[in-house]
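Structure assessment
One letter stands for each residue in the lines below.
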Amino acid sequence: MDIKNKVVVVTGGASGIGRALCAMFAQQGARGVVVADRQIEQAQIVAREVGGFAVEVDVSCEADIQRLVQTATEHFGQIDVFCSNAGIMIRKELDASSEEWRRIMDVNLMAHVYAARAVVPQMLERGEGYLINTASAAGLLTQVDSALYAVSKHAAVALAEWLSIAYGDKGIRVSCLCPQGVRTPMLLGETGMRQSFLTDGALTAEEVAQAVLQGMQTEQFLILPHAEVRDFMARKGSDYDRWIRGMRRLRTSALERNSQEAGKT
């Protein structure tokens, strides 16, 4: 897909990957960029930077997503690309509460469901459209220090696969963005000083946005900004038990590093 003259909606657009996506779409000549985020003041700043407009939205609320799609459609006439990008991290395991499980599933999975429900009908009517769903390499591999993140991102990948299978022959393209470490507050913390086993080799949000652009140009389903993730997937598929043993070792190392970082604070 050529972005020029297209209308794009980006959730989580106020910061991180979302902000970089908004800037990239504007640079590529998008006719309209809608910056959607709970942090409306920051979203408005980004909107001014890219010549778009901001909409306050809680992606875990289906009514908010419906209102977002209605507002963008009324303003621009249609939505060509919907980037369901907002996501959260909760670094907990079996100690996580049921409320925390519901929260992360609502944001990391159900937000994609709500977006598809809201925007797919108009795309089907036109016979074209593009869904970009941000998942994570954790959805293809795992997140060794967060059960909630690993499970919710696996579900996000599964939904993107299903959407592509169900609607790919009807003119709707689907890409699933699965980055590994990205230098955003989710990885580095609000101070930018947090260290993680993913810090080495982490990309900038702008590098991820460029990978999205390249993936959209070829309309590929799986967008992997970190090329090594494909190799990790191959190893997982070729010998699952060996891969799990390796993940156990990585988990031990990651938890030790997390403990050391916690001791510094």
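Treat the numbers as computed from the prediction; the structure is a model and nothing was measured.

On to the packing of aromatic side chains, then. Tallied over the entire structure, the rule returns three aromatic pairs. Relative to Phe76, the ring of Phe53 lies with its centre 5.8 Å away and its plane at 35 degrees, an arrangement referred to as tilted. Here Phe53 is found in strand E3 (residues 53-56), whereas its partner Phe76 is found in helix H3 (residues 62-76), with 23 residues between them in sequence. Judged on exposure class, the residue Phe53 and its partner Phe76 are both buried.

Within the structure shown, the criterion is met by seven salt bridges. Between Asp145 and Arg91 there is a salt bridge whose closest N-O contact spans 3.6 Å. A residue pair is termed long-range when its members are at least 10 positions apart, and Asp145 in the loop between strand E5 (129-134) and helix H5 (147-167) and Arg91 in the loop between strand E4 (81-84) and helix H4 (98-126) qualify at 54 residues. On the accessibility criterion, Asp145 (5% relative accessible area) is buried. A relative accessible area of 32% means that Arg91 is categorised as partly exposed. Here Glu219 ties to Arg173 by a salt bridge, and the two come within 2.9 Å at their closest N and O atoms. Here Glu219, found in the loop between helix H7 (205-218) and strand E7 (222-223), pairs with Arg173, found in strand E6 (residues 172-177); they are 46 residues apart in sequence, far enough to count as distant. Using a relative accessible area of 31% as the deciding quantity, one classes Arg173 as partly exposed.

Across all of its chains, the model carries zero disulfides by this definition. Left without a disulfide partner, Cys178 is nearest to the cysteine sulfur of Cys176, which lies 3.8 Å away. Taking relative accessible area as the criterion, Cys178 reaches 0% and is therefore assigned buried.

Grouped together as the largest cluster of nonpolar side chains are 46 residues, with contacts concentrated most on Val34, Leu68, Phe82, Leu131, Leu140 and Cys178. Mapped by element, the contributors of at least two residues to this core are strand E1 (7-11), strand E2 (32-37), E3, H3, H4, H5 and E6. Top element by residues in this core is H4. It accounts for 11 residues. In this view, Val34 contacts Val8, Val9, Val10, Phe53, Val55, Leu68, Ala72 and Phe76; residues no more than four positions away in its chain are not counted. Residues Ile3, Val46, Leu203 and Met216 belong to the second largest nonpolar core, which totals 33 residues.

Conventions we followed
- Residues numbered from 1 in each chain as written.
- Predicted model: local features only at pLDDT ≥ 70, side-chain atom pairs only at ≥ 80, totals over all residues.
- Heavy atoms only, no water.
- Phe/Tyr/Trp six-rings, centres within 6.5 Å; stacked < 30°, edge-to-face > 60°.
- Helix = DSSP H or I, 4+ residues; strand = E, 2+ residues; numbered from the N terminus.
- Buried < 20%, exposed > 50% of the residue type's maximum accessible area, 1.4 Å probe, protein only.
- Salt bridge = Lys/Arg side-chain N within 4 Å of Asp/Glu carboxyl O.
- Disulfide = S-S within 2.5 Å.
- Core = buried A, V, L, I, M, F, W, Y, C linked by side-chain atoms within 4.5 Å.
- Contact = heavy atoms within 4.5 Å.

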